[in-house]
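Chain residues, written in single-letter form:
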Amino acid sequence: MEASTRAVLPPGPPLPKLLQTLGFVVSPARFFDACRSRYGDVVHFKTLFDSGFVMVFDPTLVKEIFKGDPDQLRAGPANELLGPVLGERSVLLLDGAEHLRQRRLMLPAFHGQRLRSYERIMREATDREIDSWPVGEPFQALRSMQALTLDVIMRAVFGVSEGERYRELHRRIREMLDPISQPLGVLVLTLSLARRVRGGSTVQRFEERRRRVDELIYDEIERRRSDPDLADREDVFSSLVLAEDEDGRRMTDQEIRDELVTLLVAGHETTATALAWAFDLLLHDTRVMEELARRLADGDEKYADAFVKEVLRIRPVIPGVGRVVHREPFELAGYTIPVGMEINPSIASIHRRPDSYPAPAELRPERFLEDDPPDTYTWIPFGGGTRRCLGASFATFEMRVVISRVLERATLEAVEAEPDAIQRRGITMVPKNGAPVRLAQAPRAARIAEAAAA
Ligand code: HEM
């Protein structure tokens, strides 16, 4: 503790906590940019929800943080808000050797080769969604993408695809997730749990819903463990059941449950939101829309890849990641950050830096096709270091598959003249009105060759 009293903290706005909180909630981009130009690339903030933390706006310093000792800069405590949903063995909540072990066991399911096997699932889920869209009526791209990405997770991650089991699991997952994807949902739940409002309706209802999802997952784990053909299955669930660490130990039932729920929570809303932003931006930018459609028609996927990267740059779904200082104070840019304080690389602000991204507010996928494209520390929508998002390739692959299928089969148009406003919802930044879109005419059939093959 002596160390923390000696800490030299970075400067920050001398505003009361309430005003700083308002800055975060009402207009984060303006507030951060103003603080950055006044106090520099490392700023100390205090809001009503914390006892002070440090935000970082410079890619070189972000590199130091992402490459720092993961035992000194811990992500687990920064993610603890999600604890009641994910469970204590979740890879998001663990640190040190335990985190590394879980991560290694999960990694093979997300390798490139495996992703290709999910392509059909992703394309078929897109087709089902396209076929459900009304012609000429506005609907929310966000809602539609939420349904689509949940369907993909159910099939590719859980490996449950048809019949009553699919419907029941789908229903119970929705019941559990819907309340926490509301604005402040996770916060309300955590505060209720922290205050131990046992018998309080929020906690009781949530725990009951989680128990109903767990019941099905544990039942499914038992089935998989006794399935002689498990090794032939390609879903993530089966690969978690089979995975072994260096000592030949497999995951416990609880570990499998916690990692599956983690993949669901980490992968479903995030990818849906990124896709909703992709359509919102695309339908408001004729130049990029025409270029993307032309390149895809030529069989060139590079531009689609660059477009996805640019969407995640200009509308990062998660605006910042956290690392809490552990064991001894952390030295950064001449400051000493004390034990227990969170350091937060600001993804959104780093993506807006004009020195890395000239005309940062402009949608310009070409940035990622130039000779010297943005690197791992200037483009950080998936965080970094040993905690970098496990599903990054899965998400960008899914985005490419969905976007190209939609452009191939449907003519969408924007409902509003301007792109949607950005709103904070839980830990994500979503289109405020759900990115309203409209289908201009009935969708086209899938390509003839494909239909024949089917
Ligand atoms: C566009 C979609 C997505 C975005 C923007 C996103 C973003 C992130 C971010 C910022 C982190 C924290 C990284 C850090 O602390 O440095 C993270 C972690 C994680 N994400 Fe994603 N994610 C997305 C999709 C997915 C998907 C599809 C999955 C899996 C199916 C997934 C699974 C995970 C897991 C397991 C972690 C924890 C990694 C660890 O702590 O070792 N994410 N993600």
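Scroll up for the structure.
Residues numbered from 1 in each chain as written. Predicted model: local features only at pLDDT ≥ 70, side-chain atom pairs only at ≥ 80, totals over all residues. Heavy atoms only, no water.

**Q** When you look at the pattern of salt bridges in this model, what are you seeing that I'm missing?
**A** Scanning all chains against the criterion turns up 54 salt bridges. In this structure, Asp69 and Arg327 form a salt bridge, with 3.2 Å as the shortest nitrogen-oxygen distance. Taken together, the positions of Asp69 in the loop between α4 (59–66) and β3 (73–74) and Arg327 in the loop between β5 (323–325) and β6 (330–332) put the pair 258 residues apart, joining distant regions of the chain. When the shortest N-O distance is used, the salt bridge between Arg250 and Glu244 registers 3.5 Å. What you see here is one network of salt bridges that share partners, running through Glu168, Arg171, Arg172, Glu175, Glu208, Arg211, Arg212 and Glu215. (Salt bridge = Lys/Arg side-chain N within 4 Å of Asp/Glu carboxyl O. Helix = DSSP H or I, 4+ residues; strand = E, 2+ residues; numbered from the N terminus.)

**Q** How should a negative patch on the surface be read in this particular structure?
**A** Together, Glu370, Asp371, Asp372 and Asp375 make up a region of like negative charge exposed at the surface. For Asp371, the location among the structural elements is in the loop between α16 (347–350) and α17 (392–409). (Patch = residues over 30% accessible without salt bridge, like charges linked within 9 Å, V, L, I, M, F, W, Y side chains within 5 Å. Areas by Shrake-Rupley, 256 points an atom, 1.4 Å probe, with all protein chains shown as cover. Lys, Arg positive; Asp, Glu negative; His and termini not counted. Charge placed at Lys NZ, Arg CZ, Asp CG, Glu CD.)

**Q** Which parts of the structure should I look at to understand the coordination of the iron atom of the ligand?
**A** Tetrahedral metal sites with four donors have an ideal angle of 109.5 degrees; octahedral sites with six donors have ideal angles of 90 or 180 degrees. Looking at the iron atom of the ligand, one finds just one donor atom contributed by the protein, Cys389 (SG), at 2.3 Å. Along the chain, Cys389 turns up in the loop between α16 and α17. (Donors = N, O, S within 2.8 Å, 3.2 Å for Na, K, Ca; no water.)

**Q** Mind showing me how you'd approach the site of the ligand here?
**A** As a matter of local geometry, the ligand sits amid 26 residues, with His99, Arg103, Arg323, Gly384 and Cys389 nearest to it. Within the contact set of the ligand, an oxygen atom lies 2.7 Å away from a side-chain nitrogen or oxygen of His99. Within the side chain of Arg103, one N or O atom sits 2.7 Å away from an oxygen atom of the ligand. Looking at the shell around the ligand, the elements with two or more residues in it are α6 (96–106), α13 (253–282) and α17. Of all the elements, α13 adds the most residues to the shell around the ligand, at six residues. (Near = heavy atom within 4 Å. Polar contact = N/O pair within 3.5 Å; in protein donor to acceptor, adjacent residues only side chain to side chain.)

**Q** Would you take a moment to explain the nonpolar core for this structure?
**A** A general feature of soluble globular proteins is that nonpolar side chains tend to end up buried together. If you look at the biggest cluster of nonpolar residues, it comprises 96 residues, and the most contacted ones within it are Trp133, Phe158, Ile173, Leu292, Phe307, Ile403 and Leu412. Looking at which element gives the most residues to this core, the answer is α13, with 14 residues. Setting aside residues no more than four positions away along its own chain, Ile173 makes contact with Leu150, Met154, Phe158, Val213 and Leu264. Counting residues in hydrophobic clusters, the runner-up holds 19 residues, among them Phe66, Phe330, Ile347 and Ile350. (Core = buried A, V, L, I, M, F, W, Y, C linked by side-chain atoms within 4.5 Å. Buried < 20%, exposed > 50% of the residue type's maximum accessible area, 1.4 Å probe, protein only. Contact = heavy atoms within 4.5 Å.)

**Q** Can you help me understand the packing of aromatic side chains in this one?
**A** Centre-to-centre distance and the angle between the planes together describe a pair of aromatic rings. Throughout the structure, instances matching the rule amount to 15 aromatic pairs. Between the aromatic rings of Phe110 and Phe394, the centroid separation amounts to 6.1 Å while the plane-to-plane angle is 70°, which identifies the pairing as edge-to-face. Residue Phe110 is found in the loop between α6 and α7 (112–132), and its partner Phe394 is found in helix α17; the two are separated by 284 residues along the sequence. Owing to a relative accessible area of 8%, Phe110 belongs among the buried residues under this scheme. By way of ring pairs, the aromatic residues Phe24, Phe31, Phe32, Phe45, Phe53 and Phe57 are connected into one cluster. The ring of Tyr166 is capped by Arg155, whose NZ or CZ atom sits 4.8 Å from the centre of that ring. The ring of Trp277 carries Arg315 above its face, with NZ or CZ at 5.0 Å from the centroid. (Phe/Tyr/Trp six-rings, centres within 6.5 Å; stacked < 30°, edge-to-face > 60°. Lys NZ or Arg CZ within 6 Å of the ring centre and 35° of its normal.)

**Q** Please clarify how the packing of α13 against helix α15 (residues 302–314) should be interpreted in this entry.
**A** Pairs of packed helices are described in terms of their axes, by the angle between the two and the distance that separates them. Where α13 contacts α15, the two axes come as close as 10 Å, and the packing angle between them is 100°. Relative to α15, the element α13 is oriented roughly perpendicular. In this structure, α13 contributes Ala274, Trp277, Ala278, Leu281 and Leu282 to the contact, and α15 contributes Phe307, Val311, Leu312 and Ile314. Of the residues contributing to the contact of α13 with α15, the split by class is nine nonpolar, no polar and no charged. (Axes fitted to C-alpha atoms, helices over the stretch in contact; angles between N-to-C directions. Parallel < 35°, antiparallel > 145°, perpendicular 65-115°, else oblique. Nonpolar A, V, L, I, M, F, W, Y, C, P; charged D, E, K, R; others polar.)

**Q** When you look at the sheet that holds strand β1 (residues 42–45) in this model, what are you seeing that I'm missing?
**A** Remark on secondary structure: sheet strands pair via backbone hydrogen bonds, oriented parallel or antiparallel. Spatially, the five strands line up as an open sheet ordered β1-β2-β8-β5-β3, and their pairing is mixed. Of all strands in the sheet, those with a lone pairing partner are β1 and β3, marking the two edges. The sheet contact formed by β5 and strand β8 (residues 342–345) spans two bridges and is antiparallel. Looking across to β8, one finds that Val324 is bridged to Glu342. Where α4 meets the sheet, it contacts β1, β2 (53–56), β3, β5 and β8, and its direction lies at approximately 130° from that of β8. (Pairing = 2+ DSSP bridges.)

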